[in-house]
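Spelled out from the first residue to the last, the chains are:
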Amino acid sequence: MVNLNARLLPLDRSDLYEIPLDDFMEANGLGMVDMDEPAGSKMDEKGEVLNCHFSLRLTEVSDQVLEKITRYLEGCGAPRGSFLVLSDDRKIPFGVNEGLAIYIDASGSSDGDAWQGEIEKLRNELTQLLESDGQVQSSRELPNETALYLYGPSLDGMTTRVSPFLESAPLSNTARLEKIA
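Scope of this entry: the structure provided in the associated data block.

About the thresholds
Residues numbered from 1 in each chain as written. Predicted model: local features only at pLDDT ≥ 70, side-chain atom pairs only at ≥ 80, totals over all residues. Heavy atoms only, no water. 1 Å grid on protein atoms, 1.4 Å probe; cavity = no way out; pocket = protein on both sides within 12 Å on 5 of 7 lines; lining within 4 Å. Points joined across faces, edges and corners; volume = space filled by probe spheres on them. Helix = DSSP H or I, 4+ residues; strand = E, 2+ residues; numbered from the N terminus. Nonpolar A, V, L, I, M, F, W, Y, C, P; charged D, E, K, R; others polar. Core = buried A, V, L, I, M, F, W, Y, C linked by side-chain atoms within 4.5 Å. Buried < 20%, exposed > 50% of the residue type's maximum accessible area, 1.4 Å probe, protein only. Contact = heavy atoms within 4.5 Å. Pairing = 2+ DSSP bridges. Axes fitted to C-alpha atoms, helices over the stretch in contact; angles between N-to-C directions. Parallel < 35°, antiparallel > 145°, perpendicular 65-115°, else oblique. Left-handed = near helix turned anticlockwise from the far one by under 90°. Salt bridge = Lys/Arg side-chain N within 4 Å of Asp/Glu carboxyl O.

Here the largest pocket is characterised by a volume of approximately 200 Å³. Every residue along the wall of the largest pocket is listed here: Met1, Leu56, Arg57, Leu58, Val61, Leu66, Leu84, Val85, Leu86, Ser87, Asp88 and Arg90. It is strand 5 (residues 56-58) that contributes the most residues to the lining of the largest pocket, three residues altogether. Split by residue class, the lining of the largest pocket holds eight nonpolar, one polar and three charged.

Here it is, written out as structure tokens:
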């Protein structure tokens, strides 16, 4: 099983990790992502995703195969603190990226569609701003705020890039930042 230390919604998890990994594994004769086993997410009491997981079917369990899979997932952006869980309960750690959550106060938003449009616009602006320093991999509507989840090689690098922009943008000038990986 792949346990990603990432706050991803199911579609984001599938698009960023499961589908590309499945294509890579099949092309290299390593097995496949096990679509028959349910994937899932661990959530807190507010409904925020804490981490997510999905299963694999390997053609063989060897150090070489496990190394190829973990390196591929790191290339996809897997955060530090991720790990493979083998059938004998061994855990193989992997992950290279750090994570940054941006929480935006949603208590004043009354029009859901307009709010979603503003969040999508902000997400796109942040992705362009980050360039090679990271990417917005997912977002989540929470009871009183919206969370954007960014992953990249350096928490400091992402924070340095996004902080001035967030302070000047009306939607996010009171944003709260939190390290998540």
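What follows covers the nonpolar core. Among the nonpolar cores identified, the biggest contains 29 residues, and Leu4 and Leu56 are the most heavily contacted of them. Secondary-structure elements contributing two or more residues to this core are strand 1 (2-4), helix 1 (10-27), strand 4 (49-54), helix 2 (63-75), strand 8 (98-105) and strand 10 (145-152). In this view, Leu56 contacts Val2, Leu21, Met25, Met32, Val33, Asp34, Ile69 and Leu84; residues no more than four positions away in its chain are not counted. With 16 residues, the next largest nonpolar core counts Leu100, Ile104, Trp115 and Leu130 among its residues.

The sheet built from four strands is open, its strands ordered 9-10-8-11 with antiparallel pairing. Edge positions in the open sheet fall to strand 9 (135-141) and strand 11 (176-179), since each of these has one partner strand only. Taken pair by pair, the neighbouring strands of this sheet meet at an average axis angle of 20 degrees, ignoring direction. Of the pairings in the sheet, the one linking strand 8 to strand 11 comprises four bridges and is antiparallel in character. If you follow Ile102 over to strand 11, its bridge partner there is Leu177. Contacts between helix 4 (residues 155-168) and the sheet are confined to strand 8, strand 10 and strand 11, with strand 8 contributing the most and set at about 20 degrees to the helix.

On to the packing of helix 1 against helix 2. For the pair helix 1 and helix 2, the least separation of the axes is 11 Å and the interaxial angle reads 140 degrees. Relative to helix 2, the element helix 1 is oriented oblique. Here the hand of the crossing between helix 1 and helix 2 comes out right-handed. Listed contacts from helix 2 to Tyr17, Pro20, Leu21, Phe24 and Met25 of helix 1 are Lys68, Ile69, Tyr72 and Leu73.

This part is about the pattern of salt bridges. If you walk through the whole model with that rule in mind, you get 13 salt bridges. In this structure, the salt-bridge partner of Glu48 is Arg7, at a minimum N-O distance of 3.1 Å. With Glu48 in the loop between strand 3 (40-43) and strand 4 and Arg7 in the loop between strand 1 and helix 1, the pair connects residues that are 41 residues apart, well separated along the chain. Given the relative accessible area of 12%, Arg7 is considered buried. Among the ionic pairs, Asp34 bridges to Arg57, the shortest N-O distance being 3.0 Å. With a gap of 23 residues between them, Asp34 in the loop between strand 2 (31-33) and strand 3 and Arg57 in strand 5 connect regions that are remote in the sequence. Residue Asp34 is classed as buried on the basis of its relative accessible area, which comes to 10%. Among the ionic contacts, a cluster of salt bridges with common partners joins Arg7, Lys46 and Glu48.

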